[in-house]
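Structural description and commentary
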Amino acid sequence: MKKLTRILACCILSSTLLTPPVIMAHPPIKKAEKTSALLQSLAKQINLPWQSFTLPNGLRVLVHTDHKAPVVGVSVWYHVGSKDEPKGKTGFAHLFEHLMFEGSQNIQGSFWKPLRETGATDSNGTTNFDRTNYYETVPTSALDRVLYMESDRMGYLLQGMTQEKLDNQRAVVQNEKRQKDNRPYSAVGYAITQALVPEGHPYHHDTIGSMEDLDAASLDTVKDWFRENYGPNNAVLVLAGDIDIDKAKTMVNHYFGAIPRGRDIVHPETPIWTLPTRKDEVITDKVALSKIYRAWSIPSYNNPDSIPLDLSAAVLGGLASSRLDQILVHQEQLAVNVSATTQSFEGQGRFLVSVTVKPGVNPQYVSQRLDKILAEYLEKGATQDEVNRAAMDVLSESVAESVSAQGPILAQGLLYAKDPDYYKKALYAVATSTAEAVQKSTQKWLSRPVYALTVLPGERQAYQESQSGKSTPKTDNNLILPTAPQPAASEIASPREALPAVGKVPDVRFPTITHSQLKNGIAVSYAQRPAVPLTTVLISFDGGITADTALPGTESLMLSMLTEGTKEKDVIELSKEKERLGAVISFGAGDDYSSMTFLSPSVTFRQTTGLASEMLFGSTFPEKELARLKASTLANMAASRQSPAWLATRALRQNLYGEGHPYRHLVTEENIQKITRQNLLDFRQKWIRPYKAHIFIVSDQSLDQILPVLNNVFGHWQIPNNAGELKPTSTAKAGHLSDILLINRPQSPQSVIMAASVLPLKEKEDQDTLFNLDVANSILGGNFLSRLNMDLRQNKGWSYGVGSQINARTLSSEFSLAAPVQTNQTAASINAIQEDINHFLTDKGITDAELRETVTGIINRTPAAYEKSSNILGGMVDLALMNRPDNYYDTLNQRYRALTPSELDKTARQWLSSQALSWVVVGDANLVKPQLEKRGLSVEQVESDKIK
């Protein structure tokens, strides 16, 4: 399904077109007086019934029953976050999130291994200012195991915690911080966090913490942190899915009932801070484009002003038709992009505005212009139409289809508002909001002094590195503890039963696909999903980047122009109408296909289809918008050059593919400048045609309801007998002369390592080989428990995460890997990766246990995979593009079970080789190059601005 993933991912980015004999008019949008009723109707459709109970130890449990798939979403929410950290202990809540995956008294080693056997999806942990959560979606028959695991880390953790685990996860977290800090504009989050509240305020420091405090964390202090905060009475457990209240009570009592109550938590006060006066600050960073920010502290999650402020942010800079978009991006063309958003926390929130300044424009002028626009907006407020469009945008995105999304909605309501049904009140407030209420809340909070930040291109500040290894972590006895802390259950010798086995997970069949066609012969594939009132349509066309070789970048620019104006509407009017419908209409391209996707609430599907057809058939490619898009594309390319991942990927593509190869596909600044409107029209005429077109539909509505709508707008499109043009099939290779291409990026907190090789395997002709190779790669580098990740992250602590993948493509495929690592271990990391691959391909092949655990995990994930409409749509697209039968997915489990280690070893050894890899490193050459040369590697150094 990799091709499908590429197509769906691209669908958000671009656009398509060709005029048929007739452009069909579409029905008018509902009149303004009906808008309020429509919004309220949509809000009422979102309903998550729940039941609850509380154990004697204080654990609160929410149960939401949804039997549409044999899976249960499990999440545990601890009411502790970074705001609860005392001075000198920043980052503890997040560090503990990591430590709680590292084993407990009764689960030896990483939690990920027994979790993988369940087929868990959507599994992870997260930390923010206010809470730490752990979540996974598992087959119903694996629920016993997961509840055992969650209860073991809640009540029996400390006897499994060691200094070695602490040191390892401290290193992993510090590499996570380096990875974050290695990105452009990474200093902005820290600056805003520190500026909006005074020092000592619970929201004054970032969740990931400081290197100094992480260095100082001792085993005793982190154990004390657990004793203080992770009792059952400070947690909420949510079970959502194929579970009822009686079964939940029995299971939860069995696994969590013996855990003693912890101490009662008193959270710190979090007063909303108002700056005494406006605060202006300028910082420099290794960036290409200046950015301007405005930030205010605002009320918390459940304050009555929270919803009006959310809608106000959408009107100001969140919608495609927002005020800032209209003025700064389209009319005056001073900005490349703009945004306005809110962040909601338990104690308070933030209102954030950002403007990326167009190259050549004075940032100071844009800053002044932004302040004037904000002042005018505060004075005059939003219109009711703007508020309604913002409300529709919120409501259309609030449908929670999967149980992994349903549980958190209920948990957050209980945790922050003491009401799991809070979402209903919030959605009703969205649906009934008025322009007057939005203006009143906006004036109340945004008329206060603002924090005004400007980021300019220049040198970044010296990086505050970890001092671990230079000094021994010290024990700090100043942590405030209660006089008589409750003993944690993990300190009590409490024998438990063995880890439960995973029950039999039934093979789940892919949903029934109905095939039909439009009256002009265009193929239609349809699957019904009655649980969700949404309709999604994807139309695939012949095309893709393999058609975009003459002047690379032509296709993406042409697709983007399809949303920029039609004969009847300009770009802003198109955006407004999409927003009124709660619709998303997007265009994109994969390797071999272009596509159009449109989705909306089913109640507005007819109008959405009409609007989509207007874009597809009626776009006029206005010269003014083309000039703006070209300038924006050039600015974004300049910004991308500051991204280490972009630089590495770009260089690898040139190392792997020679001039003229379709997969080289280098979109350059020179290309963008050359592209004319006529180039776009010609490309559209050649490639955006109904030849090989296929329509895919997932909806709660019946096919009989949908087909007439589609026939009305697409059924008259005359199908040609052949493609517009033959695609080039050059397989020119590029030679790389050195072992390592080192791209110098001074002051990088981290090195980014990437490597890849071309595989002479074609995704259609070599499906069986690629199937086996993909499973083998899962064991080498394709998941958290893979050899590469376990070595560099879990064993050595040099990286936040390492992975590899097989990318199956039409002309040839790729094996690639990526490893962001700490700078002083760059060469050692390359050496370790090479050794891991060599052992994998020679003396340490795949073991029976590795294959069994990998296959079990893949098979047991199937029930959750078929729960989501997006996966069903993607599956249908993949079947059609790969010419596979409808029952293909139903045969996969049998194929997985039949695999053997020797079979996979043979495939991997035939096609993979560490010697065939082309290596690229992006980092500070002064620190990295000596390491590489010391290991005898030949290094070609190039400056980052020289990457083509």
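All residue numbers refer to position in the chain's written sequence, counted from 1. It should be noted that, the model being predicted, local features are given only for residues of pLDDT at least 70 and side-chain atom pairs only at 80 or more, the latter also being counted only at that level, while totals for whole chains, interfaces and linings use all residues. Hydrogens and water are ignored here; the side-chain numbers use all heavy atoms of the structure.

If you check an unreviewed UniProt entry, the protein appears there as Peptidase M16 domain protein from Zymomonas mobilis subsp. mobilis.

**Examining the packing of aromatic side chains**
Here the aromatic set is Phe, Tyr and Trp, taking the six-membered ring for Trp, and pairing holds for ring centres within 6.5 Å; pairs whose planes are under 30 degrees apart are stacked, those over 60 apart are edge-to-face, and all others are tilted. Summed over the entire model, instances satisfying the criterion amount to 26 aromatic pairs. The interplanar angle of 80° and the centroid separation of 6.3 Å between the aromatic rings of Tyr 148 and Tyr 255 together place this pair among those described as edge-to-face. Here Tyr 148, found in helix α5 (residues 143-155), pairs with Tyr 255, found in helix α10 (residues 245-256); they are 107 residues apart in sequence, far enough to count as distant. Each of the two residues, Tyr 148 as well as Tyr 255, counts as buried. Each ring, one from Phe 617 and one from Trp 717, has its centre 5.0 Å from the other, and the planes form 80°; the classification is edge-to-face. One end of the pair, Phe 617, is in helix α20 (residues 605-618); the other, Trp 717, is in the loop between α25 (703-714) and β18 (740-744), and 100 residues separate them in sequence. The helix and strand labels rest on DSSP assignments: H or I over at least four residues marks a helix, E over at least two residues marks a strand, and numbering proceeds from the N terminus. Exposure classes here rest on a 1.4 Å probe applied to the protein chains alone. A residue is buried below 20% of its type maximum, exposed above 50%, and partly exposed in between.

**Details of the sheet that holds strand β10 (residues 349-357)**
Only when DSSP finds a minimum of two bridges between them are two strands counted as paired. In space, the five strands of this open sheet follow the order β7-β11-β8-β10-β9, with mixed pairing throughout. Looking along the sheet, the strands with just one partner apiece sit at the ends: β7 (279-285) and β9 (335-344). Between one strand axis and the next, the sheet turns through 15° on average, direction left out of account. Pairing analysis gives seven bridges linking β7 to strand β11 (residues 451-457), with the strands arranged parallel. Looking at the pairing, Val 282 lines up with Thr 454 of β11. Sheet strands in contact with helix α12 (residues 323-331) are β9 and β10, and its direction is about 160° off that of β9. In this analysis, axes come from line fits to C-alpha atoms, helices being fitted only over the stretch in contact, and the angle between any two N-to-C directions falls in the range 0 to 180 degrees. A contact between two residues is defined here by any heavy atoms of the two lying within 4.5 Å.

**Details of the side chain of Glu 102**
Among the structural elements, Glu 102 can be located in the loop between α3 (92-99) and α4 (112-117). As a buried residue without a salt bridge, Glu 102 has its nearest oppositely charged side chain in Arg 793, at a separation of 5.6 Å. Among all residues touching Glu 102, those that are not within four sequence positions of it are Gly 109, Ser 110, Lys 165, Gln 169 and Gln 794. Residues scored as positive are Lys and Arg, those scored as negative are Asp and Glu, and His as well as the terminal groups of each chain are ignored. Note on definitions: salt bridges are taken to be side-chain nitrogens of Lys or Arg within 4 Å of carboxyl oxygens of Asp or Glu.

**With respect to the sheet that holds strand β14 (residues 534-542)**
Judged by pairing direction, the sheet is mixed, and its six strands sit side by side in the order β12-β13-β17-β14-β16-β15 without closing on themselves. Lying at the two open borders of the sheet, with one neighbouring strand each, are β12 (514-517) and β15 (584-589). Ignoring which end each strand starts from, the neighbouring axes of this sheet average 20° apart. Sheet strands in contact with α20 are β14, β15 and β16 (593-601), and its direction is about 150° off that of β16.

**Section: the packing of α3 against helix α6 (residues 163-181)**
For the pair α3 and α6, the least separation of the axes is 9 Å and the interaxial angle reads 120°. The orientation of α3 relative to α6 falls into the category oblique. Where α3 crosses over α6, the handedness of that crossing is right-handed. Within the contact between the two elements, α3 uses His 94, Leu 95, His 98 and Leu 99 and α6 uses Lys 165, Leu 166, Gln 169, Arg 170, Val 172, Val 173 and Glu 176. When residue character is reported, Ala, Val, Leu, Ile, Met, Phe, Trp, Tyr, Cys and Pro are called nonpolar, Asp, Glu, Lys and Arg charged, and the others, Gly included, polar. By residue class, the composition of the contact of α3 with α6 is five nonpolar, three polar and three charged. When describing relative orientation, an angle under 35 degrees is termed roughly parallel and one over 145 degrees roughly antiparallel, while 65 to 115 degrees is termed roughly perpendicular and anything else oblique. In this scheme the crossing of two helices becomes right-handed for a clockwise turn of the near helix relative to the far one and left-handed for an anticlockwise turn of less than a right angle.

**Some thoughts on the pattern of salt bridges**
For side chains of opposite charge, pairing can occur when their charged atoms come near one another. This structure, assessed with the given rule, holds 46 salt bridges. With a shortest N-O distance of 3.4 Å, Lys 868 and Asp 122 are connected by a salt bridge. Taken together, the positions of Lys 868 in the loop between α30 (862-865) and α31 (869-881) and Asp 122 in strand β4 (residues 121-127) put the pair 746 residues apart, joining distant regions of the chain. The partly exposed category is assigned to Lys 868, whose relative accessible area is 23%. With relative accessibility at 34%, the residue Asp 122 sits in the partly exposed group. Note that Glu 459 and Lys 286 form a salt bridge whose closest N and O atoms lie 3.5 Å from each other. Within this pair, whereas Glu 459 is found in the loop between β11 and β12, its partner Lys 286 is found in the loop between β7 and β8 (291-298), the two being separated by 173 residues in sequence. By sharing partners, the salt bridges in this structure join Arg 278, Asp 280, Arg 294 and Asp 371 into a single network.

**Regarding the packing of helix α14 (residues 384-396) against helix α16 (residues 422-431)**
The contact between α14 and α16 brings their axes to 9 Å, and the two run at 150°. Between α14 and α16, the angle falls in the class roughly antiparallel. Contact residues: Ala 391, Val 394 and Leu 395 in α14; Leu 427, Val 430 and Ala 431 in α16. Along the lines of polarity and charge, the residues of the contact of α14 with α16 split into six nonpolar, no polar and no charged.

**Quick word on the UniProt feature "domain: Peptidase M16 C-terminal" (unreviewed entry) in the protein**
UniProt positions are given in the numbering used here, feature names are shortened, and annotations may be inferred rather than shown by experiment. Here the UniProt feature "domain: Peptidase M16 C-terminal" (unreviewed entry) sits at residues 218-390 and 674-855. Each end of residues 218-390 is marked by a C-alpha atom, and these two atoms are 48 Å apart; helix forms 40% of the span and strand 24%.

**Looking at the domain arrangement of the protein**
Domain start and stop positions are those given by an automatic or database domain assignment. Splitting the protein by domain gives domain 1 (50-257), domain 2 (279-457), domain 3 (513-715) and domain 4 (740-946). Computed over C-alpha atoms only, the centres of domain 1 and domain 4 are separated by 28 Å. If you look at the interface, domain 1 gives 29 residues, while domain 4 gives 29 residues. Scanning the region where domain 1 abuts domain 4 turns up four salt bridges.

**Considering α3**
Residues three or four positions apart in an α-helix share a direction because the helix packs 3.6 residues into each turn. Of all eight residues in α3, eight are buried, a share of seventy percent or more. Along α3, the residues that are buried comprise Phe 92, Ala 93, His 94, Leu 95, Phe 96, Glu 97, His 98 and Leu 99. Looking at the buried positions of α3, the neighbouring elements they touch are β4, β5 (132-139), α6, α8 (211-216), α9 (219-229) and α27 (787-795).

**Notes on unusual backbone geometry**
Backbone geometry at Tyr 185 places phi at a positive 65°, although glycine is not the residue there. The topology assignment puts Tyr 185 in the loop between α6 and α7 (187-196). Looking at Tyr 185, the relative accessible area reads 18%, which means it is buried. Its identity as a non-glycine residue notwithstanding, Phe 621 has a phi of 55°, on the positive side.

**Some details on the nonpolar core**
One broad trend across soluble globular proteins is that nonpolar side chains are buried collectively. Ranked by internal contacts, the top residues of the largest apolar core, which has 65 residues, are Leu 912, Trp 919 and Leu 932. Element by element, the count of residues in this core is highest for helix α28 (residues 826-841), at eight residues. Taken domain by domain, the makeup of this core includes at least three residues from each of domain 3 (513-715) and domain 4 (740-946). Every residue in contact with Leu 912, bar those within four places of it in the chain, is listed here: Leu 759, Leu 773, Leu 780, Ile 806, Phe 815 and Leu 841. The criterion is simple. A nonpolar core is a set of buried Ala, Val, Leu, Ile, Met, Phe, Trp, Tyr and Cys residues joined through side-chain atoms within 4.5 Å. By size, the runner-up hydrophobic cluster in this structure holds 63 residues, among which are Val 238, Leu 395, Leu 415 and Ala 426.

**Overview of the pairing of β10**
A large share of β10 lies buried, amounting to nine of its nine residues. Along β10, one buried face is formed by Gly 349, Phe 351, Val 353, Val 355 and Val 357 and the opposite face, lined by Arg 350, Leu 352, Ser 354 and Thr 356, is buried too. Of the pairings in the sheet, the one linking β8 to β10 comprises eight bridges and is antiparallel in character. Its bridge partner lying in β10, Ile 292 is registered against Val 355. Strand direction decides the pairing type here: β9 and β10, joined by nine bridges, are antiparallel. Each residue of the ladder has a partner; that of Thr 341, found in β10, is Leu 352. Linking β9 to β10, which pair antiparallel, is a turn of four residues.

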